[in-house]
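# Descriptive analysis of the structure
Below, each chain spelled out in residue letters.
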Amino acid sequence: AQKVTQAQTEISVVEKEDVTLDCVYETRDTTYYLFWYKQPPSGELVFLIRRNSFDEQNEISGRYSWNFQKSTSSFNFTITASQVVDSAVYFCALSGYTGTASKLTFGTGTRLQVTL
Amino acid sequence: NAGVTQTPKFQVLKTGQSMTLQCAQDMNHEYMSWYRQDPGMGLRLIHYSVGAGITDQGEVPNGYNVSRSTTEDFPLRLLSAAPSQTSVYFCASSYTRAGQGAGGYTFGSGTRLTVV
(Lines give C-alpha, C1' and ligand atoms only; values in the text may rest on other atoms or scores of the structure.)
Protein backbone atom coordinates (compact mmCIF):
# COMPACT_ATOMS: atom_id res chain seq x y z
CA ALA A 1 0.00 0.00 0.00
CA GLN A 2 1.17 3.52 -0.64
CA LYS A 3 0.66 6.51 1.62
CA VAL A 4 1.34 10.22 1.54
CA THR A 5 1.52 12.29 4.71
CA GLN A 6 1.27 16.06 4.83
CA ALA A 7 1.53 16.77 8.53
CA GLN A 8 0.98 20.52 8.21
CA THR A 9 -2.75 21.12 8.00
CA GLU A 10 -2.55 24.89 7.74
CA ILE A 11 0.25 27.44 7.49
CA SER A 12 -0.04 31.21 7.72
CA VAL A 13 2.74 33.53 6.59
CA VAL A 14 3.18 37.20 5.83
CA GLU A 15 3.91 38.15 2.24
CA LYS A 16 7.58 37.90 1.26
CA GLU A 17 8.30 35.19 3.82
CA ASP A 18 9.69 31.86 2.65
CA VAL A 19 7.59 28.80 3.43
CA THR A 20 8.22 25.06 3.16
CA LEU A 21 5.47 22.49 2.78
CA ASP A 22 6.41 19.02 3.95
CA CYS A 23 5.55 15.74 2.25
CA VAL A 24 6.52 12.26 3.41
CA TYR A 25 5.60 9.17 1.44
CA GLU A 26 5.55 5.40 1.77
CA THR A 27 5.65 2.92 -1.10
CA ARG A 28 6.98 -0.54 -1.90
CA ASP A 29 7.38 0.26 -5.58
CA THR A 30 10.91 0.71 -6.86
CA THR A 31 9.69 3.03 -9.61
CA TYR A 32 7.27 5.74 -8.63
CA TYR A 33 6.35 9.34 -9.32
CA LEU A 34 5.77 12.20 -6.96
CA PHE A 35 3.59 15.20 -7.71
CA TRP A 36 2.58 18.52 -6.25
CA TYR A 37 -0.75 20.09 -7.12
CA LYS A 38 -2.14 23.50 -6.19
CA GLN A 39 -5.83 24.04 -5.49
CA PRO A 40 -6.64 27.77 -5.39
CA PRO A 41 -9.89 29.06 -3.86
CA SER A 42 -11.57 28.66 -7.26
CA GLY A 43 -11.30 24.88 -6.76
CA GLU A 44 -9.44 23.55 -9.78
CA LEU A 45 -6.35 21.36 -9.41
CA VAL A 46 -3.24 22.78 -11.02
CA PHE A 47 -0.26 20.54 -11.79
CA LEU A 48 3.01 21.99 -10.45
CA ILE A 49 5.66 19.31 -10.76
CA ARG A 50 6.34 15.61 -11.29
CA ARG A 51 9.51 13.88 -10.11
CA ASN A 52 10.41 10.23 -10.79
CA SER A 53 12.07 8.03 -8.20
CA PHE A 54 15.35 7.85 -10.10
CA ASP A 55 15.87 11.58 -10.25
CA GLU A 56 16.88 13.09 -6.93
CA GLN A 57 17.99 16.40 -8.34
CA ASN A 58 16.37 19.37 -6.72
CA GLU A 59 14.31 21.54 -9.01
CA ILE A 60 13.75 25.27 -9.07
CA SER A 61 11.08 27.05 -11.05
CA GLY A 62 10.94 30.76 -10.35
CA ARG A 63 9.96 31.19 -6.70
CA TYR A 64 9.18 27.48 -6.35
CA SER A 65 11.69 24.79 -5.46
CA TRP A 66 11.41 21.13 -4.60
CA ASN A 67 13.71 18.96 -2.49
CA PHE A 68 13.42 15.21 -3.13
CA GLN A 69 15.27 12.93 -0.70
CA LYS A 70 14.80 9.19 -1.08
CA SER A 71 16.76 8.50 2.10
CA THR A 72 14.03 10.19 4.16
CA SER A 73 11.14 9.49 1.74
CA SER A 74 10.41 13.18 1.52
CA PHE A 75 9.48 15.55 -1.27
CA ASN A 76 9.27 19.03 0.23
CA PHE A 77 8.10 22.16 -1.55
CA THR A 78 9.45 25.64 -0.81
CA ILE A 79 7.97 28.93 -1.91
CA THR A 80 10.43 31.80 -1.74
CA ALA A 81 9.17 35.34 -1.13
CA SER A 82 5.57 34.22 -0.86
CA GLN A 83 2.78 36.28 -2.41
CA VAL A 84 -0.92 36.57 -1.67
CA VAL A 85 -1.63 34.71 -4.94
CA ASP A 86 0.13 31.68 -3.46
CA SER A 87 -2.75 31.24 -1.02
CA ALA A 88 -4.21 27.83 -1.81
CA VAL A 89 -4.34 24.23 -0.69
CA TYR A 90 -1.31 22.28 -1.84
CA PHE A 91 -1.44 18.53 -2.35
CA CYS A 92 1.44 16.11 -2.56
CA ALA A 93 0.68 12.87 -4.42
CA LEU A 94 2.35 9.58 -5.32
CA SER A 95 1.80 7.14 -8.17
CA GLY A 96 3.30 3.66 -8.44
CA TYR A 97 4.34 1.92 -11.62
CA THR A 98 4.15 -1.80 -11.00
CA GLY A 99 1.44 -4.22 -11.98
CA THR A 100 -1.84 -3.04 -13.41
CA ALA A 101 -3.29 -1.35 -10.40
CA SER A 102 -1.38 1.90 -10.49
CA LYS A 103 -3.14 4.76 -8.79
CA LEU A 104 -2.49 8.29 -7.67
CA THR A 105 -2.57 8.63 -3.89
CA PHE A 106 -2.96 12.08 -2.39
CA GLY A 107 -1.99 13.52 0.94
CA THR A 108 -4.61 15.41 2.90
CA GLY A 109 -3.28 18.77 1.75
CA THR A 110 -1.75 21.83 3.38
CA ARG A 111 -3.69 25.06 3.33
CA LEU A 112 -1.35 28.04 2.86
CA GLN A 113 -2.61 31.49 3.79
CA VAL A 114 -0.42 34.42 2.72
CA THR A 115 -1.40 37.80 4.15
CA LEU A 116 -0.16 41.32 3.54
CA ASN B 1 -9.11 24.28 -25.45
CA ALA B 2 -7.66 20.83 -24.83
CA GLY B 3 -8.34 19.38 -21.44
CA VAL B 4 -10.80 17.49 -19.26
CA THR B 5 -14.43 18.63 -19.29
CA GLN B 6 -16.79 17.73 -16.46
CA THR B 7 -20.51 18.32 -16.38
CA PRO B 8 -22.48 19.41 -14.49
CA LYS B 9 -20.57 21.81 -12.22
CA PHE B 10 -23.21 21.69 -9.50
CA GLN B 11 -25.96 19.20 -8.72
CA VAL B 12 -28.45 18.63 -5.91
CA LEU B 13 -29.99 15.18 -5.62
CA LYS B 14 -32.54 13.65 -3.35
CA THR B 15 -31.65 10.48 -1.50
CA GLY B 16 -32.29 7.48 -3.72
CA GLN B 17 -32.05 9.32 -7.02
CA SER B 18 -29.56 8.24 -9.64
CA MET B 19 -27.47 10.38 -11.93
CA THR B 20 -24.45 10.36 -14.20
CA LEU B 21 -21.49 12.69 -13.93
CA GLN B 22 -19.95 13.24 -17.33
CA CYS B 23 -16.22 13.41 -18.07
CA ALA B 24 -14.63 13.90 -21.47
CA GLN B 25 -11.05 14.52 -22.55
CA ASP B 26 -9.65 15.44 -25.95
CA MET B 27 -5.99 14.66 -25.35
CA ASN B 28 -6.14 11.01 -26.44
CA HIS B 29 -5.20 9.94 -22.92
CA GLU B 30 -5.49 6.23 -22.19
CA TYR B 31 -5.77 6.59 -18.41
CA MET B 32 -8.82 8.18 -16.80
CA SER B 33 -9.98 8.21 -13.22
CA TRP B 34 -12.56 9.59 -10.81
CA TYR B 35 -11.81 11.04 -7.38
CA ARG B 36 -13.91 12.45 -4.62
CA GLN B 37 -12.67 15.24 -2.38
CA ASP B 38 -13.95 15.53 1.16
CA PRO B 39 -12.79 18.02 3.83
CA GLY B 40 -9.64 16.88 5.60
CA MET B 41 -9.32 13.72 3.52
CA GLY B 42 -7.59 14.81 0.34
CA LEU B 43 -8.72 13.14 -2.86
CA ARG B 44 -9.67 9.48 -2.89
CA LEU B 45 -9.82 7.28 -5.96
CA ILE B 46 -13.26 5.88 -6.85
CA HIS B 47 -12.70 4.08 -10.18
CA TYR B 48 -10.17 4.20 -12.94
CA SER B 49 -9.68 2.99 -16.51
CA VAL B 50 -6.47 2.15 -18.38
CA GLY B 51 -8.19 2.18 -21.77
CA ALA B 52 -11.49 1.75 -23.60
CA GLY B 53 -13.34 -1.29 -22.29
CA ILE B 54 -11.15 -1.64 -19.18
CA THR B 55 -12.15 -0.34 -15.76
CA ASP B 56 -11.23 -1.17 -12.20
CA GLN B 57 -12.09 -0.16 -8.66
CA GLY B 58 -10.18 2.33 -6.60
CA GLU B 59 -10.23 3.01 -2.88
CA VAL B 60 -13.91 3.97 -2.44
CA PRO B 61 -15.96 2.31 -5.24
CA ASN B 62 -19.16 1.42 -3.37
CA GLY B 63 -22.26 3.13 -4.71
CA TYR B 64 -20.61 4.11 -7.99
CA ASN B 65 -20.47 2.54 -11.43
CA VAL B 66 -18.32 3.36 -14.46
CA SER B 67 -17.88 2.27 -18.06
CA ARG B 68 -15.43 3.27 -20.79
CA SER B 69 -16.82 2.69 -24.26
CA THR B 70 -14.57 5.27 -25.93
CA THR B 71 -11.13 6.72 -25.21
CA GLU B 72 -12.64 10.18 -24.73
CA ASP B 73 -15.46 9.54 -22.26
CA PHE B 74 -15.55 8.15 -18.73
CA PRO B 75 -18.91 8.72 -17.03
CA LEU B 76 -19.50 8.08 -13.34
CA ARG B 77 -22.91 6.78 -12.30
CA LEU B 78 -24.41 7.13 -8.86
CA LEU B 79 -26.84 4.24 -8.57
CA SER B 80 -28.89 5.36 -5.57
CA ALA B 81 -27.61 8.61 -4.08
CA ALA B 82 -26.97 8.82 -0.34
CA PRO B 83 -26.04 11.83 1.83
CA SER B 84 -22.59 10.23 2.35
CA GLN B 85 -21.94 10.85 -1.35
CA THR B 86 -22.11 14.60 -0.88
CA SER B 87 -18.69 15.64 -2.12
CA VAL B 88 -16.72 17.33 -4.86
CA TYR B 89 -15.95 14.95 -7.69
CA PHE B 90 -12.95 15.28 -9.97
CA CYS B 91 -12.21 13.45 -13.17
CA ALA B 92 -8.58 13.13 -14.27
CA SER B 93 -6.75 11.81 -17.29
CA SER B 94 -3.16 11.03 -18.10
CA TYR B 95 -1.11 9.79 -21.03
CA THR B 96 -0.05 6.82 -18.91
CA ARG B 97 -1.42 5.23 -15.77
CA ALA B 98 1.49 6.52 -13.70
CA GLY B 99 1.21 10.05 -14.98
CA GLN B 100 4.50 10.23 -16.83
CA GLY B 101 3.25 12.33 -19.73
CA ALA B 102 3.57 16.09 -20.01
CA GLY B 103 1.44 17.76 -17.37
CA GLY B 104 1.12 14.63 -15.24
CA TYR B 105 -2.52 14.01 -14.51
CA THR B 106 -4.91 16.64 -15.90
CA PHE B 107 -7.97 17.31 -13.78
CA GLY B 108 -11.40 18.59 -14.71
CA SER B 109 -12.85 21.56 -12.87
CA GLY B 110 -14.95 19.38 -10.58
CA THR B 111 -18.61 18.66 -9.85
CA ARG B 112 -20.01 19.76 -6.51
CA LEU B 113 -22.70 17.26 -5.56
CA THR B 114 -25.11 17.61 -2.65
CA VAL B 115 -27.42 14.78 -1.66
CA VAL B 116 -30.31 15.78 0.59
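Residues numbered from 1 in each chain as written. Chains lettered and ligands numbered in written order. Predicted model: local features only at pLDDT ≥ 70, side-chain atom pairs only at ≥ 80, totals over all residues. Heavy atoms only, no water.

Now for the overall build of chain B. Helix and strand counts for chain B come out as 0 helices and 11 strands. When its helices and strands are written in sequence order, chain B yields β-β-β-β-β-β-β-β-β-β-β. A globule of 116 residues ought to have a C-alpha radius of gyration of about 13 Å, and chain B, at 13 Å, matches this closely. Going through the 116 residues of chain B one by one, you find that 49% of them count as buried. The long-range share in chain B, meaning contacts at least 24 apart out of those at least 6 apart in sequence, stands at 55%. (Helix = DSSP H or I, 4+ residues; strand = E, 2+ residues; numbered from the N terminus. Rg over C-alpha atoms; globule rule 2.2 N^0.38 Å. Buried < 20%, exposed > 50% of the residue type's maximum accessible area, 1.4 Å probe, protein only. Contact = heavy atoms within 4.5 Å.)

Turning to the pairing of strand 6 (residues 46–52) of chain A, a few remarks are in order. All names here are of chain A. One ladder, built from 6 bridges, connects strand 5 (residues 32–39) with strand 6; its direction is antiparallel. In the strand pairing of strand 6, Tyr 37 is matched with Phe 47. In sequence, strand 5 turns back onto strand 6 through a hairpin of 6 residues, with Gly 43 there showing a positive phi of about 100°. (Pairing = 2+ DSSP bridges.)

What follows is about the side chain of Ser 49 of chain B. Residue and element names in this part refer to chain B. Mapping Ser 49 onto the fold places it in strand 5 (residues 43–51). The exposure class of Ser 49 is buried, given its relative accessible area of 0%. Polar side-chain contacts of Ser 49 include one of 2.9 Å to the backbone oxygen of Gly 51. From its side chain, Ser 49 meets the backbone oxygen of Ile 54 in a polar contact 2.6 Å long. (Polar contact = N/O pair within 3.5 Å; in protein donor to acceptor, adjacent residues only side chain to side chain.)

All names here are of chain B. Judged from the 3 bridges that link them, strand 5 and strand 6 (residues 54–57) form a sheet pairing that is antiparallel. For Tyr 48, the partnering residue across the bridge sits in strand 6 and is Asp 56. Where strand 5 hands over to strand 6, the hairpin turn is made up of 2 residues, of which Gly 53 adopts a positive phi near 85°.

Backbone torsion omega between Thr 7 of chain B and Pro 8 of chain B reads -5°, so that peptide bond is classified as cis. Here Pro 8 of chain B is to be found in the loop between strand 1 (4–7) and strand 2 (10–13). The phi angle at Lys 16 of chain A is positive, at roughly 85°, despite the residue not being glycine. Mapped onto the elements, Lys 16 of chain A comes out in the loop between strand 2 (10–14) and strand 3 (19–21). At Asn 28 of chain B, a residue that is not glycine, the phi angle is positive and equals roughly 60°. Along the chain, Asn 28 of chain B falls in the loop between strand 3 (19–25) and strand 4 (31–37). Judged by relative accessible area, Asn 28 of chain B falls into the exposed class, the value being 53%.

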